[in-house]
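# Coordinates in review
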Amino acid sequence: MARFAPLTPQASPDWLDDTSYQHGFRSSTEDYALISKPGLNKRIVELIAHHKNEPTWMLKQRLAGLQIFSQKPTPTWGADLSAINYDKIHYYLRPLSHNAKEWKDVPQDIQTTFERLGVPQAEREYLAGVKMQYDSEVVYGSLRQEWEKDGVIFLSMDEGLAKYPDLVKQYFGTVIAVGDNKFSALNTAVWSGGSFVYVPPGVKVNMPLQTYFRINSENAGQFERTLIIVDEGASVHYIEGCTAPAYSSQSLHAAVVEIIVKKGAHCQYTTVQNWYKTVYNLVTKRARVEEEGEMIWTDFNMGSKVTMKYPGFLLTGKGARGETLSMAVAGPGQHLDTGSKALHLAPHTRSSIVSKSISRGGGQATYRGLVHVAPNATHSKNKVVCDALILDSASISNTFPTQRVLTSEVELEHEATVSRVGEEQLFYLMSRGLTEEQASKMIVQGFAAPLIRKLPLEYAVEMNRLIDMEMEGSVG
Amino acid sequence: METYRYTQPAEHPVLTLTQAGEYRVEIAAEGVELTLFGLFQTADTQMEQVTLTIIHQARHTQSHTYLRGVAADHSHLSIIGTIIVEPSAVGTNAFLDERILLLTPTARAEAIPNLQISQNEVKCSHAATISSIPEDQLFYLMSRGLDRAKATEMIVEGFLAPPVLPFQA
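Source: prediction; values computed, not measured. (Residues numbered from 1 in each chain as written. Chains lettered and ligands numbered in written order. Predicted model: local features only at pLDDT ≥ 70, side-chain atom pairs only at ≥ 80, totals over all residues. Heavy atoms only, no water.)

Bringing the overall build of chain B into the picture now. Per the secondary structure count, chain B includes 2 helices and 10 strands. Element order for chain B, N to C, with α for helix and β for strand: β-β-β-β-β-β-β-β-β-β-α-α. C-alpha atoms of chain B, sized along the principal axes, occupy 55 × 35 × 25 Å. The buried share of chain B, taken over its 169 residues, is 50%. Contacts spanning at least 24 positions in sequence make up 67% of the contacts within chain B whose residues lie at least 6 apart. Just so you have it, chain B exposes about 7800 Å², and 52% of that area is on carbon and sulfur atoms. (Helix = DSSP H or I, 4+ residues; strand = E, 2+ residues; numbered from the N terminus. Buried < 20%, exposed > 50% of the residue type's maximum accessible area, 1.4 Å probe, protein only. Contact = heavy atoms within 4.5 Å. Areas by Shrake-Rupley, 256 points an atom, 1.4 Å probe, with all protein chains shown as cover.)

A few words on the interface of chain A and chain B. Tallying the contact residues gives 32 residues for chain A and 29 residues for chain B. Applying the counting rule to chain A against chain B returns 12 residue pairs in polar contact (both at pLDDT 80 or more). Residue assignment for the side of chain A that touches chain B shows that the elements contributing at least two residues are β24 (396-405) and β25 (411-419) of chain A. Top element by residues in the side of chain A that touches chain B is β24(A). It accounts for 10 residues. The pairing of β25(A) with strand β10 (residues 122-132) of chain B spans 9 bridges and is antiparallel. Bridged to A:E413 within β10(B) is B:T129. (Polar contact = N/O pair within 3.5 Å; in protein donor to acceptor, adjacent residues only side chain to side chain. Pairing = 2+ DSSP bridges.)

Let us now look at helix α11 (residues 457-471) of chain A. All names here are of chain A. Taking 1.5 Å per residue as the helical rise, α11 with its 15 residues ought to reach 21 Å, and the 21 Å between its terminal C-alpha atoms agrees with that figure. Considered for burial, the residues of α11 that qualify are Y459, A460, M463, L466, I467, E470 and M471. In an axial view of α11, the angular spread of the buried residues amounts to 125 degrees, which keeps them on one side of the axis. Facing away from the buried side of α11 by more than 90 degrees, the exposed set consists of L457 and V461. (Expected span 1.5 Å × (residues − 1). Arc of directions from axis to C-beta.)

Moving on, we come to the state of the cysteines. All chains considered together, the criterion is met by 0 disulfides over all chains. In this structure A:C386 is not part of a disulfide, and its nearest cysteine sulfur, from B:C124, lies 14 Å away. With a relative accessible area of 4%, A:C386 lands in the buried category. (Disulfide = S-S within 2.5 Å.)

Turning our attention to the pattern of salt bridges. All names here are of chain A. Summed over the entire model, instances satisfying the criterion amount to 24 salt bridges over all chains. Taking the shortest distance from any N to any O, the salt bridge between R321 and E292 comes out at 3.9 Å. You can see R321 sitting in strand β18 (residues 321-330) and its partner E292 sitting in the loop between β14 (279-289) and β15 (294-301), a full 29 residues away along the chain. R321 gets classed as partly exposed once you look at its relative accessible area, which sits at 23%. On the basis of relative accessible area, E292 is assigned to the partly exposed category, the value being 43%. (Salt bridge = Lys/Arg side-chain N within 4 Å of Asp/Glu carboxyl O.)

Let us now look at the packing of aromatic side chains. Per the stated rule, a full pass over the model turns up 13 aromatic pairs over all chains. Arranged with centres 5.2 Å apart and planes meeting at 65 degrees, the rings of A:W103 and A:Y140 form a pair that is edge-to-face. Of this pair, A:W103 sits in the loop between β2 (93-94) and α3 (108-117) while A:Y140 sits in strand β4 (residues 137-143), and the two are 37 residues apart along the sequence. Comparing A:W103 with A:Y140 shows no difference in burial state: the two are buried. Where B:Y66 meets B:F95, the ring centres are 6.2 Å apart and the plane angle is 70 degrees; that geometry is what we call edge-to-face. Here B:Y66 is found in strand β6 (residues 62-71), whereas its partner B:F95 is found in strand β8 (residues 92-102), with 29 residues between them in sequence. Overall, B:F95 belongs to the partly exposed group, its relative accessible area being 25%. Members of the aromatic cluster, each reached through a chain of ring pairs, are A:W57, A:F172 and A:W191. Above the ring of A:F154, the side-chain terminus of A:K131 is found at 4.4 Å from the ring centroid. (Phe/Tyr/Trp six-rings, centres within 6.5 Å; stacked < 30°, edge-to-face > 60°. Lys NZ or Arg CZ within 6 Å of the ring centre and 35° of its normal.)

The next point concerns the packing of helix α2 (residues 56-71) of chain A against helix α8 (residues 182-190) of chain A. In a packed pair of helices, the relevant descriptors are the angle between the two axes and the axis-to-axis distance. Residue and element names in this part refer to chain A. One can describe the packing of α2 onto α8 by two numbers: an axis separation of 7 Å at closest approach and a directional angle of 145 degrees. Of the two elements, α2 crosses α8, and the hand of that crossing is left-handed. Contact residues: Q61, R62, G65, L66, I68 and F69 in α2; K182, A185, L186, T188, A189 and V190 in α8. Each residue belonging to the contact of α2 with α8 can be placed in one class, and the counts come to 7 nonpolar, 3 polar and 2 charged. (Axes fitted to C-alpha atoms, helices over the stretch in contact; angles between N-to-C directions. Left-handed = near helix turned anticlockwise from the far one by under 90°. Nonpolar A, V, L, I, M, F, W, Y, C, P; charged D, E, K, R; others polar.)

All names here are of chain A. With their axes 9 Å apart at the nearest point, helix α9 (residues 423-431) and helix α10 (residues 436-452) run at an angle of 125 degrees to one another. The orientation of α9 with respect to α10, classified from their angle, is oblique. Taken as a pair, α9 and α10 cross one another with a handedness that is right-handed. In this structure, α9 uses Q425, L426, L429 and M430 to contact α10, whose residues at the interface are E436, A439, S440, M442 and I443. Counted by class, the contact of α9 with α10 contains 6 nonpolar, 2 polar and 1 charged residues. (Parallel < 35°, antiparallel > 145°, perpendicular 65-115°, else oblique.)

Next up on the list: the pairing of strand β10 (residues 235-243) of chain A. Residues and elements named next belong to chain A. Burial analysis of β10 places 9 of its 9 residues in the buried class, which makes it a mostly covered element. The two faces of β10 match: S235, H237, I239, G241 and T243 on one face and V236, Y238, E240 and C242 on the other face are all buried. Note: strand β7 (residues 209-214) against β10, 6 bridges, orientation parallel. Directly across from Q210, in β10, lies its bridge partner I239. Bridging between β10 and strand β13 (residues 266-273) involves 8 bridges; their strand directions are parallel. Across the sheet, residue S235 finds its bridge partner in β13, namely H266.

If you want it as structure tokens, here you go:
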């Protein structure tokens, strides 16, 4: 740790007292319409289905999910999940008995929560539509008239199932099967909330749609289910943000996101994940991309205790394209195990994965990826680039890419580097009068910049601010 | 599993592997700079796997690893290379390069380069590619009068030739 300025010892090793997490406030759960007892069994699943007044095929799916969940072992190949106590978690927390149509109908404390998170302001200024999910339910939603007129559907998943049962039935579970993994099975069993988006052929939604996920209760489980269908030649950008209060007990977030990108369509899905550092974030996200379609995952992970998330794409049509841009910042006590899966199943498909991670203060960042080229996917191309920064000697950075090619006439490339902030770089900046901390921050921001540039401006500003805060006092 | 262990400080060993199998290389003395070449070929219906783990245990060590594989016919070649940097290995510089060439549409390949790093004073990188022989390279050689088989042979030969050693005194 050669340095050019004297090191100042950093106080507060107890990262749970971290005051830099500004979303740690909470509201009372006393007025909730329903909080299920902790633990999971058939009765809880039936209770959820009953409350939502669902068709029987959905209940069957839920029960199938429950059975698979209880039979599958907890995966041990990635982050340590052994501390999750499934019996302590509340699987269904319904804050309101009804969804609000108008913002003024939303209860005061929930309004205050979202106001503090800045969501309504963003809605007014630059979003085409917004959903706010509070624990298990979407409490408020809107969509601008111009898009509604064009036939765009943007509902909570529960409303979507009630209003468009056939459309949901046609696509539900087709990209991520019930038994895909333990947590997709859990999600299928107890899903609640999430978004249902349908963009009709040729409609280009040029302002982003956003859903904000907030966990408010202690020991909460949030299991939203999102289904996005982008019809031929249409295009959409969907953004999700996530935060939770600062509880010392663990919460579990296990979402499933399925996206269908039809011929020539375009979909970008952006995640800005900033859960509190006790949340287990175990998410399954996948898109099926048809002929000449394009899917872009932009994935920013800052928070959570453990994240295991590998957004993927099945490139099923000729000339389909997929792109993942992933960024992880792992601080003290965190293990962020992220990456991407690219499955090339048709000729002339292309994909690229760019992953950047920063680990500091004993945090662990892992890239885990899969590139699979099926026998008929000739003339396919893929490129994977992973860059990792390690800021101190207590932190860990891993890279586990897998490339599997079952045909000839393909091009696959993978590159990864792991390094620390370069001494010459620091020296250069410090010789120009910056302090070591300013210089480090500037270098880290430069490292993240190529990904942050892909975000809409408002989010880019927010991300830069988050990274800045995350890096506060982390020079080492 | 074959184990190679380097304990002589400031040694500059060169190791060449040509047989598939499991290898473990431990760099246990300060200042060791290892250069490792691996050349692997599979044909017919062979299924081969190379598992190579390089562990940096001592300070200021370097490893430069170049693995080349050629899979022909219906064969299946899988190369799993891992670099592990232990917390004690301050100042490690490691590079792992895996390249696999597929000669036929029925050949299969898997390249898995892994990095596990528990130390921040490091410079580690890896690269992997899987590809077939570009048609334009064949075309070039064939336009000079070689037949397809001969042209392929030449390209494979060039592919397997060890990369020029880093300039060393």
